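# Results of the structural survey
Okay, here's what each chain looks like letter by letter:
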Amino acid sequence: MGINTTYRKELEEFNEYDEKAKSLPSATQDADKLVLYGLCKQATNGPVPKERFNWDAWKAVEGKSKETAMGDYITEVKLLMEE
């Protein structure tokens, strides 16, 4: 499997779990939502702009590759959906 094929598969799965994240249980804690926010921003935008609102969650995952942030995002959504 080539890099582009692997990335495409991971992107498809990321998009799937990004949609699922929109229907997480109402009891999902704000801290968990902020973790997802940071991972999502890192996965979709890359480096943190300095003037960005809510950048603490994003800044916390600065330096992760987009691919790693996508994988971590998917894992977090899966865990939160189990609660």
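Residues numbered from 1 in each chain as written. Predicted model: local features only at pLDDT ≥ 70, side-chain atom pairs only at ≥ 80, totals over all residues. Heavy atoms only, no water.

### So, the nonpolar core
Across soluble globular proteins, nonpolar side chains show a tendency to be buried alongside one another. Ranked by internal contacts, the top residues of the largest apolar core, which has 15 residues, are Phe14, Leu24, Leu36, Tyr73 and Val77. At the level of secondary structure, the elements contributing two or more residues to this core comprise α1 (3–21), α2 (30–45) and α4 (66–82). With six residues, the single largest contributor to this core is α4. Residues within four places of Leu24 in sequence aside, it is in contact with Leu36, Val77, Leu80 and Met81. (Core = buried A, V, L, I, M, F, W, Y, C linked by side-chain atoms within 4.5 Å. Buried < 20%, exposed > 50% of the residue type's maximum accessible area, 1.4 Å probe, protein only. Helix = DSSP H or I, 4+ residues; strand = E, 2+ residues; numbered from the N terminus. Contact = heavy atoms within 4.5 Å.)

### Things to note about the confidence of the model for the protein chain
Per-residue pLDDT for the protein chain averages 88, and the proportion of residues at 70 or more is 89%. By mean pLDDT, helix α3 (residues 55–59) is the weakest element of the protein chain at 80, and α4 is the strongest at 92. (pLDDT = per-residue confidence, 0-100.)

### Some details on α4
Over its 17 residues, α4 extends 25 Å from the first C-alpha to the last, a length consistent with the 24 Å expected when each residue adds 1.5 Å. By the burial criterion, the buried members of α4 are Ala69, Met70, Tyr73, Ile74, Val77 and Leu80. Summarising the axial view, the buried residues of α4 lie within an arc of 140°, below the 170-degree limit, and thus occupy one face. (Expected span 1.5 Å × (residues − 1). Arc of directions from axis to C-beta.)

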